[in-house]
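Structural overview for review
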Amino acid sequence: MNGISRNPDLDYERVIMGIDPGTNVMGYGVLGINGKQLSVVVMGVVQLSKFESHYKRLARIFERVTGLVEQYLPDEVAIEAPFFGKNVQSMLKLGRAQGVAMAAVLERDIPITEYAPLKIKQAVTGNGQASKEQVANMLRYILKIPQENMPHLLDATDALAAALAHYYETGKPQVEKGAKSWEEFLKRNPDRIAPRRK
């Protein structure tokens, strides 16, 4: 395993872990949030290619995700959904890797949200077709990551991007169920309108 880390004892109001599941390399990234201040707690990869058996790789994924959850105590986990279009055998293996990572998280009753790669790229760069390099560069800019702390493998930044996309997604104001627009919501809830300052 290789990765960069900051002091895990830092106190955060909210912690989001992102996972980019893979059968050769699994990326992970953890964001610490205080108000609107975002900090990279850790990002790195778990190398799996040294294990010849697919089942040993799955066991390693479960073991490492369990360890990361115990170390960083995330409130929520964002996981990249498998990208459709690969061959069936690859999809099956990737689905298993994702399932094992999810099981390790769910064992601790931590909520998980899946995001399609296109949605993550759109949230972070504004372009659903952005390259992995563009995603990494945007993360470096948004989160003020020093160049020397950027990982060599982009699976780590992909995982951190999933966490950031989740932060953006959960920060959006939600329209109340049954209301078709903000106007309708405000009509139903006039007490929610703050008085104008003079």
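Summarised in this report is the structure supplied together with it. Starting afresh in each chain, residues are numbered from 1 along the sequence in its written order. Local features in this predicted model are restricted to residues of pLDDT 70 or higher, and side-chain atom pairs are both shown and tallied only at a pLDDT of 80 or more, whereas totals for entire chains, interfaces and linings draw on every residue. The side-chain quantities take in all heavy atoms of the structure and omit both hydrogens and water.

**Looking at the overall build of the protein**
Secondary structure follows DSSP: runs of H or I at least 4 residues long count as helices, runs of E at least 2 residues long count as strands, and numbering of each begins at the N terminus. Broken down by element type, the protein carries six helices and six strands. The linear arrangement of helices and strands in the protein, starting from the amino end, is β-β-β-β-α-β-α-β-α-α-α-α. We call a residue buried when its accessible area falls under 20% of the maximum for its residue type, exposed when it is over 50%, and partly exposed in between, using a 1.4 Å probe and counting protein chains only. Looking at the 198 residues of the protein, the share that counts as buried comes to 43%. The criterion used for residue contact is that any of the two residues' heavy atoms lie within 4.5 Å. Taking as baseline every contact in the protein between residues at least 6 positions apart, the subset at least 24 positions apart corresponds to 61%. Every accessible area reported is derived by Shrake-Rupley at a probe size of 1.4 Å, with residue values counting cover from the shown protein chains alone. A total accessible area of about 11,600 Å² is found for the protein, and carbon and sulfur atoms account for 52% of it.

**Considering the pairing of strand β3 (residues 25-34)**
Within β3, nine of the 10 residues are buried, which leaves the element mostly enclosed by the surrounding structure. Note that strand β2 (residues 14-20) and β3 share seven bridges and pair antiparallel. Note on β3: the bridge partner recorded for G18 is G29. Linking β2 to β3, which pair antiparallel, is a turn of four residues. The pairing criterion is simple: DSSP has to find at least two bridges between the two strands. Strand direction decides the pairing type here: β3 and strand β4 (residues 37-47), joined by 10 bridges, are antiparallel. Counterpart to V25 in the pairing with β4 is Q47. Between the antiparallel neighbours β3 and β4 lie two residues, among them G35 with a positive phi of about 60 degrees.

**Some points on the packing of aromatic side chains**
Aromatic pairs are defined between Phe, Tyr and Trp rings, using the six-membered ring for Trp, whenever the two ring centres lie within 6.5 Å; interplanar angles under 30 degrees are classed as stacked, those over 60 as edge-to-face, and all others as tilted. A complete count under the given rule lists one aromatic pair for this structure. Ring centres 5.8 Å apart and planes at 50 degrees place the aromatic pair Y167 and Y168 in the tilted group. Exposure remark for Y168: the relative accessible area of 31% places this residue in the partly exposed category.

**Looking at the side chain of T157**
Structurally, T157 can be placed in helix α5 (residues 154-170). Residue T157 is classed as buried on the basis of its relative accessible area of 1%. Leaving out residues up to four positions away in the same chain, T157 has contacts with M43, A136, L139, M150 and P151.

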